[in-house]
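An overview of the molecular structure
The lines below spell out each chain.
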Amino acid sequence: MKLILLDYDGTISPIDVGLEKAYPSAKVIESIDYTRKKGNKVAIVSTKSCDLLINRVKADAYACIAGAEIIYGNRSCIDTDLIKYQDDAISLIDFIKKDKDIKESKAKIDIKKTTTNLIAGITIDWRFSNYPKSLPSIIEQAKKLNLKVIKYENEPFIDILVSKANKSDAVLFLKTLFNPKITIYFGDSENDLPAFKVSDISILVLNKYNEHLKNAGINEIVEFDKIWEAIRKYADY
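An account of the accompanying structure is given in this report. All residue numbers refer to position in the chain's written sequence, counted from 1. Side-chain atom pairs in this predicted model are given and counted only at pLDDT of 80 or more, local residue features only at pLDDT of at least 70, and totals for whole chains, interfaces and linings cover all residues. Based on all heavy atoms of the structure, the side-chain values leave hydrogens and waters out of the count.

1. Considerations on the overall build of the protein chain
Each helix and strand in the protein chain was counted, giving nine helices and twelve strands. With the principal axes as the frame, the protein chain shows a C-alpha extent of 50 × 35 × 30 Å. Categorising residues by exposure relies on relative accessible area from a 1.4 Å probe, with only protein chains included: less than 20% of the type maximum marks a residue as buried, more than 50% marks it as exposed, and the intermediate range marks it as partly exposed. Looking at the 237 residues of the protein chain, the share that counts as buried comes to 56%. Across the protein chain, the fraction of contacts at a sequence separation of at least 24, relative to all contacts at a separation of at least 6, is 59%. Only the protein chains shown count as cover for residues, with accessible areas throughout obtained via the Shrake-Rupley method and a probe of 1.4 Å. Accessible surface, the protein chain as shown: approximately 11,000 Å² in total, 49% of it carbon and sulfur. Here a strand is any run of E in DSSP of at least two residues, a helix any run of H or I of at least four, and the numbering for each starts at the N terminus. Only heavy atoms matter for contacts: two residues are in contact if any of them lie within 4.5 Å across the pair.

If you want it as structure tokens, here you go:
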């Protein structure tokens with residue numbers, strides 16, 4: 001049995017569309033279904049919330065908000081740091097809401113919560129707006145509160161996470177859970193690099209933002225519009 005792990009944004013879902021349009025294609029969904037019917041396990045490993053992922057992709061497990069929450073079957077596991085740092089997360093959200101530059105830029109603020117309503121992350125996204133000039137001060141405030149900041153070299157958004165877990169923690173958890181013969185990870189950004197390192201096969205899904213990751217020690221590169229073919233290939237690997 002193989003364990004195929006899929007990032008969401010930029011990997012199985014288009015990266016340059018609004019959230020309301022960010023769905024995997026029919027071909028991708030068919031490839032995931034095919035993989036599972038072959039007796040393999042599929043997990044989605046993303047910075048998105050579990051509520052969103054569960055509603056958009058059928059999989060065997062979901063590692064959400066960079067591993068802060070993991071759902072498999074009727075069970076949910078959360079990182080206990082989420083409880084410890086809730087007040088800090090709320091404090092940062094208040095700080096952001098009062099920021100005039102954020103309001104003027106019209107950047108999107110996405111507060112990510114677990115299925116039990118714990119705040120687990122904040123994304124500041126200016127893909128469809130102006131760059132928020134106060135972003136450095138927000139990052140500084142997040143670090144003062146001991147929250148984790150993920151910046152992306154070419155991508156117009158940042159993630160601020162309450163949990164110190166990263167995607168490699170999620171992959172290791174899922175490997176222990178499913179005990180696969182081989183683990184294959186598909187991803188497209190800096191937050192996937194830790195997961196690449198603990199997978200047997202790492203596959204970079206290429207888009208306009210991540211050319212700089214081609215030499216990141218990955219095993220294979222696939223174009224975004226060919227991801228469905230690569231999933232099917234590894235289902236039969």
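We are not done yet, so read on.
2. Regarding unusual backbone geometry
For residues other than glycine, phi is negative in most cases, and the peptide bonds are mostly trans. Positioned with a positive phi, lysine 106 is a non-glycine residue whose angle comes to about 65 degrees. By relative accessible area, which is 68% here, lysine 106 ends up exposed. Phi is positive for asparagine 146, which is not a glycine, with a value near 65 degrees. Counting through the fold element by element, asparagine 146 comes out in the loop between α6 (135–144) and β8 (148–151). According to the relative accessible area criterion, asparagine 146 is partly exposed, its value standing at 37%.

3. Digging into the environment of arginine 75
The residue arginine 75 is located in strand β5 (residues 75–78) in this model. As a C-alpha pair, arginine 75 and tyrosine 85 span ten residues in sequence and 23 Å in three-dimensional space. Side-chain polar atoms of arginine 75 contact the side chain of asparagine 74, separated by 3.5 Å. Pairs of N or O atoms within 3.5 Å make up the polar contacts considered here, provided that, within protein, one atom can donate a hydrogen while the other can accept it, and that residues adjacent in sequence are counted only when both atoms are side-chain atoms.

4. Details of the packing of helix α1 (residues 26–37) against helix α9 (residues 227–235)
Fitting a line to C-alpha atoms yields each axis, with helices limited to the stretch in contact; the angle taken between N-to-C directions then spans 0 to 180 degrees. Contact pair α1 / α9: the axes reach a minimum separation of 8 Å and the direction vectors enclose 5 degrees. The angle between the axes of α1 and α9 places the two elements in the roughly parallel class. Mapping the contact onto sequence places Lys27, Val28, Glu30, Ser31, Ile32, Tyr34 and Thr35 in α1 and Ile227, Trp228, Ile231, Arg232 and Ala235 in α9. Partitioning the contact of α1 with α9 into residue classes produces seven nonpolar, two polar and three charged. These descriptions rest on fixed angle ranges, namely under 35 degrees for roughly parallel, over 145 for roughly antiparallel, 65 to 115 for roughly perpendicular, and the rest for oblique. Residues are grouped as follows: Ala, Val, Leu, Ile, Met, Phe, Trp, Tyr, Cys and Pro are nonpolar; Asp, Glu, Lys and Arg are charged; every other residue, Gly included, is polar.

5. Some words on the state of the cysteines
Cysteine sulfur atoms that come within 2.5 Å of each other are treated as a disulfide pair. Per the stated rule, a full pass over the model turns up one disulfide. A disulfide bridge connects cysteine 50 with cysteine 64, and the sulfur atoms are separated by 1.9 Å. Disulfide cysteine 50-cysteine 64: the torsion about the S-S bond is 100 degrees, which places it as right-handed. Taken together, the positions of cysteine 50 in helix α2 (residues 50–56) and cysteine 64 in strand β3 (residues 61–64) put the pair 14 residues apart, joining distant regions of the chain. Cysteine 64 sits in the buried class, given a relative accessible area of 0%. Of the cysteine sulfurs around cysteine 77, a residue in no disulfide, the closest is that of cysteine 50, at 10 Å.

6. What about the packing of helix α4 (residues 86–97) against α6?
Closest axis-to-axis distance for the α4/α6 pair is 10 Å, and the angle between their directions is 165 degrees. As far as their axial angle goes, α6 and α4 are roughly antiparallel. Between α4 and α6 lies a crossing of right-handed hand. Here α4 contributes Leu92, Phe95 and Ile96 to the contact with α6, which in turn contributes Ser137, Ile138, Gln141 and Ala142. Class assignment of the residues belonging to the contact of α4 with α6 gives a composition of five nonpolar, two polar and no charged. For a crossing to be left-handed, the near helix must be turned anticlockwise from the far one by less than a right angle; the clockwise case is right-handed.

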